[in-house]
Amino acid sequence: VAAARYEAESATISQGLVESNHAGFSGTGFVNYDNVTGSSVQFQVTAAQAGAAILTFGFANGTPTNRPMNIIVNGTTVAGAKPFQGTGAWTNWQQTAVNANLTAGTNTVRAVATTANGGPNVDYLELGSPGQPGATPV
Ligand code: GCU
């Protein structure tokens, strides 16, 4: 089963813009977080059944400074100030992942910048299952 990828440009954005000026992203663009604390993107993801999942974020950070974000699943912080380190260039897209338990059906995954630099540029959120890279929790 192919991994389920949720594009950031289709998510709910608070204090950020969809842009496409840094090549290498998937879909039609990425989210440029406003450079403020609290800027966020909220994804709505679907799990066929409850269980552990791996949430993988595609992102770029063209600065040398970490742009940490709180990762909040269904209203609960599952990773506080998760690091999104510099990737060397805005066109250098990398991945970082967190583990979370999902409920059956619709879940919300919110990534909120915790510093005044805002978040990194976020391309997508991918849902996978532990031990099954590239698989959805179905
Ligand atoms: C630059 C870059 C943006 C990025 C921004 C930032 O303006 O082009 O894509 O989001 O820096 O620092 O957040």
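Bear in mind that the values here come from a model prediction, so they are computed numbers and not experimental data.

Rules and cut-offs
Residues numbered from 1 in each chain as written. Predicted model: local features only at pLDDT ≥ 70, side-chain atom pairs only at ≥ 80, totals over all residues. Heavy atoms only, no water. Pairing = 2+ DSSP bridges. Helix = DSSP H or I, 4+ residues; strand = E, 2+ residues; numbered from the N terminus. Axes fitted to C-alpha atoms, helices over the stretch in contact; angles between N-to-C directions. Buried < 20%, exposed > 50% of the residue type's maximum accessible area, 1.4 Å probe, protein only. Contact = heavy atoms within 4.5 Å. Near = heavy atom within 4 Å. Polar contact = N/O pair within 3.5 Å; in protein donor to acceptor, adjacent residues only side chain to side chain. Areas by Shrake-Rupley, 256 points an atom, 1.4 Å probe, with all protein chains shown as cover. Phe/Tyr/Trp six-rings, centres within 6.5 Å; stacked < 30°, edge-to-face > 60°. Core = buried A, V, L, I, M, F, W, Y, C linked by side-chain atoms within 4.5 Å.

**Overview of the sheet that holds strand β2 (residues 12-14)**
- If you walk across this open sheet you meet the 5 strands as β2-β5-β10-β7-β8, and the pairing is antiparallel. Edge positions in the open sheet fall to β2 and β8 (76-82), since each of these has one partner strand only. Sheet twist, expressed as the average angle between the axes of neighbouring strands with direction ignored, equals 20°.
- Across 8 bridges, the pairing between strand β5 (residues 40-47) and strand β10 (residues 105-113) is antiparallel. Counterpart to F43 in the pairing with β10 is V109.

**So, the side chain of T56**
- With respect to the element layout, T56 can be found in strand β6 (residues 51-60).
- For T56, a relative accessible area of 14% translates into the label buried.
- Aside from chain neighbours lying at most four places away, what touches T56 is Q95, T96, A97, Y124, L125 and E126.

**A few points about the site of the ligand**
- The ligand sits among H22, N32, N35, R67, W90 and N121.
- Here an oxygen atom of the ligand sits 2.8 Å away from a polar atom, N or O, in the side chain of H22.
- N35 is positioned such that a nitrogen or oxygen atom in its side chain is 3.0 Å from an oxygen atom of the ligand.
- Contact with the protein chains covers 71% of the free accessible surface of the ligand, which is 320 Å².

**A word on the packing of aromatic side chains**
- For the structure on display, the rule yields 5 aromatic pairs.
- For the pair F43 and F57, a centre-to-centre distance of 6.4 Å together with 65° between the ring planes defines the contact as edge-to-face. Here F43 is found in strand β5, whereas its partner F57 is found in strand β6, with 14 residues between them in sequence. Residue F43 shares its accessibility class with F57, and that shared class is buried.

**Considerations on the nonpolar core**
- Within the largest apolar cluster, 27 residues are counted, with the highest numbers of intra-cluster contacts made by Y33, F43, L55, F57, I71 and V109.
- Residue assignment for this core shows that the elements contributing at least two residues are β4 (30-33), β5, β6, β7 (69-73), β9 (94-102), β10 and β11 (121-128).
- Residues in contact with V109, not counting those within four places in the same chain, are V41, Q42, F43, V45, L55, F57, I71, I72, V73 and L125.

**Some thoughts on the environment of V112**
- Mapped onto the elements, V112 comes out in strand β10.
- Look at V112 and you get buried, because its relative accessible area is 11%.
- Here the alpha-carbon distance between V112 and S14, two residues 98 residues apart in the chain, equals 9.2 Å.
- Non-local contacts of V112, meaning those with residues more than four positions away in its chain, are made with G38, S39, S40, P68, M69, N70 and I72.

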